[in-house]
Amino acid sequence: MNAEEILAGKVLLIDKPLKWSSFQAVNKLKYILKRKYDLPKKFKIGHAGTLDPLATGLLIICTGKFTKNITEIQAQAKEYTGTIVLGATTPSYDLETEVDATFPTAHITEALILETTKQFIGEIDQKPPVFSAIKKDGKRLYEHARAGEEVEIQSRKTTIYEFEITRIQLPEVDFRVKCSKGTYIRSLAYDFGLALQSGGHLTALRRTKIGDYAVENGVTPDDFEKSLLDEK
């Protein structure tokens with residue numbers, strides 16, 4: 001890799017670490033590349049699809065002229081694996097906030113869990129979490145939420161292509177989901193709990209694929225930096 005290639009356009013597959021924001025990952029790579037190749041201060045770099053800080057996995061970063069492809073990459077189907085804990089909800093639908101309500105789980109069987117997944121296959125209506133970056137009235141939803149302001153959130157259409165349960169160890173349920181752009185897996189976890197006449201929240205999430213791009217072909221930001229330092 002050299003400066004000309006980076007400016008012409010590269011697609012970099014990054015395995016985003018836990019608690020890193022997508023913005024942090026992009027800034028890290030920008031700093032590394034600028035330092036290594038003496039690139040212009042304002043060279044183009046960006047990511048194709050945000051990952052929450054509490055999620056890990058595939059973050060696609062485009063450089064140079066390939067930043068024009070970001071919208072096209074974002075539109076592709078995505079695959080995630082993760083864990084839902086049943087019997088409790090949180091305001092953020094994940095571990096960003098504390099449990100705010102608990103629900104019974106004694107009635108939940110493996111058969112019921114597997115049958116309930118069928119309700120979520122295909123096009124569904126989904127409300128984004130109130131703790132999300134969507135804007136309403138000029139503010140991010142999470143800003144309204146942290147200020148204790150109630151806002152009405154409109155549901156939106158999204159598509160779940162595959163919803164597979166891979167482990168059941170109540171209250172934990174592991175899953176694999178393939179879905180369209182704009183799907184909130186946190187909302188899926190919450191809605192899944194409701195459909196089981198209980199509660200649910202997301203405790204682990206990993207993005208494994210975007211289109212044909214797979215996380216097993218990615219590297220962590222630290223490993224990316226080491227590989228550049230090792231270049232002759």
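These numbers come from a predicted model, not from an experiment. (Residues numbered from 1 in each chain as written. Predicted model: local features only at pLDDT ≥ 70, side-chain atom pairs only at ≥ 80, totals over all residues. Heavy atoms only, no water.)

> Break down the overall build of the protein chain for me, with residues and values.
A tally of regular secondary structure across the protein chain gives 7 helices and 13 strands. Here the protein chain holds 232 residues, and the buried ones make up 44% of them. Looking at the protein chain alone, contacts between residues at least 24 apart form 71% of all its contacts between residues at least 6 apart. Summed over its atoms, the accessible surface of the protein chain is roughly 12,300 Å², and 49% of this surface lies on carbon and sulfur atoms. (Helix = DSSP H or I, 4+ residues; strand = E, 2+ residues; numbered from the N terminus. Buried < 20%, exposed > 50% of the residue type's maximum accessible area, 1.4 Å probe, protein only. Contact = heavy atoms within 4.5 Å. Areas by Shrake-Rupley, 256 points an atom, 1.4 Å probe, with all protein chains shown as cover.)

> Go over the pairing of strand E10 (residues 156-169), please, and point to the residues and values.
A regular strand carries its side chains on alternate faces of the sheet. As judged from the 5 bridges shared by strand E7 (residues 122-126) and E10, these two strands associate in the antiparallel manner. Bridged to Ile124 within E10 is Thr158. Taking the residues between adjacent antiparallel strands as the criterion, E10 and strand E11 (residues 172-179) are bridged by 2 residues. (Pairing = 2+ DSSP bridges.)

> Provide a residue-level description of helix H6 (residues 185-195), including the pertinent values.
Listing the buried residues of H6 in full gives Ile185, Arg186, Ser187, Leu188, Ala189, Phe192 and Gly193. Gln197 lies just past H6 and shows a positive phi near 55°.

> For the side chain of Thr158, give the residues involved together with the corresponding values.
Note that Thr158 resides in strand E10. At a separation of 2.4 Å, a polar atom in the side chain of Thr158 contacts the side chain of Thr183. With sequence-adjacent residues up to four places away left out, Thr158 is seen in contact with Gly122, Glu123, Ile124, Gln126, Ser180, Lys181, Gly182 and Thr183. (Polar contact = N/O pair within 3.5 Å; in protein donor to acceptor, adjacent residues only side chain to side chain.)

> Describe the packing of aromatic side chains, with residues and values.
Tallied over the full model, the rule gives 5 aromatic pairs. When the centroid spacing of 6.2 Å and the interplanar angle of 85° are considered together, the rings of Phe120 and Phe163 count as edge-to-face. Pair noted here: Phe120 is in the loop between helix H4 (110-117) and E7 and Phe163 is in strand E10, with a separation of 43 residues, a long-range link. The exposure class of Phe120 is buried, given its relative accessible area of 8%. A ring pair is formed by Phe120 and Phe192, whose centres lie 5.9 Å apart and whose planes are at 65°; its orientation type is edge-to-face. (Phe/Tyr/Trp six-rings, centres within 6.5 Å; stacked < 30°, edge-to-face > 60°.)

> Before we move on, could you go through the nonpolar core and cite the residues and values that matter?
A general trend in soluble globular proteins is that nonpolar side chains are found buried together. One finds Leu86, Ile113, Phe163, Phe175, Val177, Ile185 and Phe192 to be the most contacted residues of the largest nonpolar core, which totals 23 residues. For this core, the secondary-structure elements that each account for two or more residues are strand E4 (78-86), E10, E11, H6 and strand E12 (200-210). Each residue touching Val177, except ones within four places of it in the same chain, is listed here: Lys78, Glu79, Tyr80, Ile160, Glu162, Phe163, Ile185 and Leu188. Listed in part, the 17 residues of the second largest apolar core include Ile14, Val26, Ile32 and Leu59. (Core = buried A, V, L, I, M, F, W, Y, C linked by side-chain atoms within 4.5 Å.)

> So what about the environment of Leu7? Which residues, and what values?
Of note, Leu7 is situated in helix H1 (residues 3-8). When the C-alpha positions of Leu7 and Gly64 are compared, they lie 4.2 Å apart, and in sequence the two are 57 residues distant. Excluding anything up to four places from it in sequence, Leu7 contacts Leu39, Pro40, Phe43, Gly64 and Lys65.

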